[in-house]
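Summary of the model geometry
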Amino acid sequence: MKKTYRQFPVLRKQIIIDEATEKKKKTLEKQVFFLMAAIYCQDFHEFIKPKTAASELDFSQEIEAWLRRNKRMSNYQLCHDCYKRIQKSFQHTQRCPHSVYKTFCHECPTMCYREEDQKNMLPIMHYSSKKLIKKHPIYAFRFVKNLLANKSIIKKNEVRKMKIGRWKAFAIKDIVFLAVITAVTLLVSGPVAPIVMTVTKLGAQAFAMALPFALITSIGLRKVKKNGSLTIIGVFSGLVLGLMSPVMFFNQLAGSVLSEGLALILFKNYESKKAVLFSAGLFSFFTIPSTGIINTLAKGRAISEQIGNVFTFLLFVSGAVVLGLIGAAIGNKISDELQKAGKL
Amino acid sequence: MYKESYSIHPVLSLICSLLLFITGLLFVKEIWFCNYLITFLILLLIFRFEKTILKIIPFAIVFGAVMPALTLINGSLSEALYSFYRVLVLVMAGILSISIKPIHLVRALNQLHIPRWINLGLLIVIRFMQIFREEMKQIRQAIILRGIHFFQTPFLWGRAFLIPLTIRMLSISEGLAISLETRGFSTDSTGSSYETVCFQKRDSVFLCLFLTFLSLYTFMFIRGL
């Protein structure tokens, strides 16, 4: 059975690649492969003739310069096949887009070696890797050092990706969809919004708006599963409602921030349906505290005065929670159906 | 660059609306509250807000009647009157903010370097409310044509209303997003505007008068006159 390896990620677009570093890494890779192939040829192709000294063979400029500097390397004798393999490997290395962060070629996600080439190269790697430590420990050390540095780049990027995964940037299509969702939410809650806008009883506004807001926003959150989506809906609806009653802006903003904040503390993101249910369902409920505070500050009315009859207040609060959760559940159900149909 | 004419600077309108709303709610129980309302109504009439006032009158009549009536169920006559006054405050504040053209507001916010996604989103919400009102009307008509009635089969009515509405939301938003992207709109880029919304002399005069009257009534409120 063919052994499968854990592939390294393609990071070319994610990291800044310095040309000089890339060139340096490519040269080291070529040097190491040259040494491995030379060791292999020396031990396995002992009787194959003719053999040519490395210094007399054609290589790229940097390798030729390296061979001229190191007499020991230039004295290696290579058979024709091994020379061809080295040349092929150098071509692949030169064209490799992953040199700055790669681990091993067999772990590459975009394998460029053909199957038969791989079969030719793998024995060289297997045999010479241990021999390299004995014969050229400095190059072996440099190779390991480079490997560890590359692994560290991969690890750093994975951590960054995880962080970004939690707070993904909003694309224009997300903003447009959330704005459209807000427009529909306001339209659906339109008939009740002006009536409750001037109601002085605390909780009445949240109770009236709970069902339409939870229903539509839950669909929005199922489509745009990015953290901050509910706050964006809150900002948009607040800005529009704020044109009618400025207090509503703070109400919507506070409600969305509190609801989303708590949902993200509990569920971390909107991947689970429960998070959507919680966040959208309790959106209206969380506007109650801000309504109370704003009424106290702007109208100078004490909280007890705003609450009035405790039974009515409790009815409004529990109604806002229940209606909100029902609305969010309906929204989730519709989203499920649309998801099955491949529309969401 | 092209300078367009408008009633009052959009941001100034918004700020004044907010101030009018907050102070109005604070002054509701004062004896001179009617004077307060009349003063600002005259100010708005001077600055040619009569069309908006006429538009908002039906709303004021309906909610001005409904709200005190609802308050009368539990409260006294004076509470109903205060409720009526609150509706009037809402209407007064609304005159200023409703008169703002969405595109002027967005341009003014753009000039203030407010993030583009907020401006864009606000514009979409305001513009698309009308479009979706029509969409919802069409969906309701289609439901009636199929013989589904809310009071007979509420669940079926809900499904028949919400699913096509969501599909329309998705298709409209996708089309809009694609057209925005092809026009170079993005959340991370800063845009430029061909037309600018400037603060004019008219705005300065309005601001001076507005602040003078507001300071006068605030002084009267603090002194308990």
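Source: prediction; values computed, not measured.

Side note on the overall build of chain A
On a plain count of helices and strands, chain A comes out with 15 helices and two strands. Going through the 344 residues of chain A one by one, you find that 41% of them count as buried. Taking all contacts inside chain A whose residues are at least 6 apart in sequence as the whole, residues at least 24 apart take part in 78%.

Focus: the overall build of chain B
Along chain B, the regular secondary structure elements total eight helices and two strands. Walking chain B from its N terminus toward its C terminus, one meets helices and strands in the order β-α-α-α-α-α-α-α-β-α. Out of the 225 residues in chain B, the part that is buried amounts to 30%.

Examining helix α11 (residues 247-267) of chain A
Residues and elements named next belong to chain A. Its 21 residues give α11 an end-to-end C-alpha distance of 30 Å, which sits within 8% of 30 Å, the value for a rise of 1.5 Å per residue. Residues of α11 that are buried include every one of Val 247, Met 248, Phe 249, Asn 251, Gln 252, Ala 254, Gly 255, Ser 256, Leu 258, Ser 259, Glu 260 and Ala 263, and no others. Directly after α11, the chain includes Lys 268, whose backbone phi takes a positive value near 70°.

Here we look at the environment of Arg6(A)
Mapped onto the fold, Arg6(A) is located in the segment before α1 (19-44). Spatially, the C-alpha atoms of Arg6(A) and Pro109(A) are 9.0 Å apart, while their sequence positions differ by 103 residues.

Topic: helix α7 (residues 154-182) of chain B
Counted at 1.5 Å a residue, the expected span for α7(B) with its 29 residues is 42 Å, and the 42 Å between its end C-alpha atoms agrees. Every buried residue of α7(B) is listed here: Leu162(B), Leu165(B), Thr166(B), Met169(B), Ile172(B) and Ser173(B).

Comments concerning the environment of Gly203(A)
Residues and elements named next belong to chain A. Inspection of the secondary structure assignment puts Gly 203 in the loop between α8 (193-197) and α9 (204-223). C-alpha separation for the pair Gly 203 and Phe 313, spaced 110 residues apart in sequence, amounts to 6.5 Å. Look past the residues within four positions of Gly 203 in its chain and what remains in contact with it is Ile 288, Phe 313, Phe 316, Val 317 and Ala 320.

Re the packing of helix α1 (residues 10-27) of chain B against helix α8 (residues 201-223) of chain B
Residue and element names in this part refer to chain B. Across the interface, α1 lies against α8 with an axial gap of 12 Å and an inter-helix angle of 15°. As the angle between them shows, α1 and α8 are arranged roughly parallel. Seen along the crossing, α1 lies across α8 with a hand that is left-handed. Packed against α1, whose contacting residues are Leu 12, Cys 16, Leu 19, Thr 23, Leu 26 and Phe 27, the element α8 presents Asp 203, Leu 207, Phe 210, Leu 214, Tyr 217, Thr 218 and Phe 221 at the interface.

Considerations on the confidence of the model for chain A
Per-residue confidence for chain A averages 85 on the pLDDT scale, and 93% of its residues sit at or above 70. Ranking the helices and strands of chain A by mean pLDDT puts helix α12 (residues 273-281) of chain A first, with 92, and α8(A) last, with 65.

Describing the nonpolar core
Ranked by size, the top nonpolar core spans 82 residues in total, and within it Val180(A), Ala183(A), Val184(A) and Phe236(A) carry the most contacts. Those residues within four positions of Ala183(A) in sequence are excluded, and the remaining contacts are Ile124(B), Val125(B), Phe128(B), Met129(B) and Phe132(B). Residues Ile8(B), Cys16(B), Phe40(B) and Phe49(B) belong to the second largest nonpolar core, which totals 26 residues.

Some remarks on the confidence of the model for chain B
Predicted confidence across chain B gives a mean pLDDT of 85, with 94% of residues reaching 70 or more. Scored below 50 in pLDDT, residues 1-5 of chain B shows seven contacts in the model against residues more than four places distant or in partner chains.

Regarding the environment of Ile46(B)
Mapped onto the elements, Ile46(B) comes out in helix α2 (residues 33-46). With 160 residues separating them in the primary sequence, Ile46(B) and Phe206(B) have C-alpha atoms 9.5 Å apart.

Some thoughts on unusual backbone geometry
Of note in this structure, Lys268(A) is not a glycine but carries a positive phi near 70°. One can find Lys268(A) in the loop between α11 and α12. The exposure class of Lys268(A) is exposed, given the 12 C-beta atoms found within 10 Å. You will see that Arg48(B), though not glycine, has its phi angle at about 60°, which is positive. Examined against the element boundaries, Arg48(B) turns out to sit in the loop between α2 and α3 (50-74).

Quick notes on the packing of α11(A) against α12(A)
Residues and elements named next belong to chain A. Where α11 contacts α12, the axes come no closer than 8 Å and their chain directions differ by 155°. Considering the angle they form, α11 stands roughly antiparallel to α12. The crossing of α11 and α12 is right-handed. Two secondary-structure elements touch here, α11 through Ser 259, Glu 260, Ala 263, Leu 266 and Phe 267 and α12 through Lys 274, Ala 275, Phe 278 and Ser 279.

What counts and what doesn't
Residues numbered from 1 in each chain as written. Chains lettered and ligands numbered in written order. Predicted model: local features only at pLDDT ≥ 70, side-chain atom pairs only at ≥ 80, totals over all residues. Helix = DSSP H or I, 4+ residues; strand = E, 2+ residues; numbered from the N terminus. Buried ≥ 20, exposed ≤ 12 C-beta atoms within 10 Å, placed from the backbone. Contact = placed C-beta atoms within 7 Å. Expected span 1.5 Å × (residues − 1). Axes fitted to C-alpha atoms, helices over the stretch in contact; angles between N-to-C directions. Parallel < 35°, antiparallel > 145°, perpendicular 65-115°, else oblique. Left-handed = near helix turned anticlockwise from the far one by under 90°. pLDDT = per-residue confidence, 0-100. Core = buried A, V, L, I, M, F, W, Y, C linked by C-beta atoms within 7 Å.

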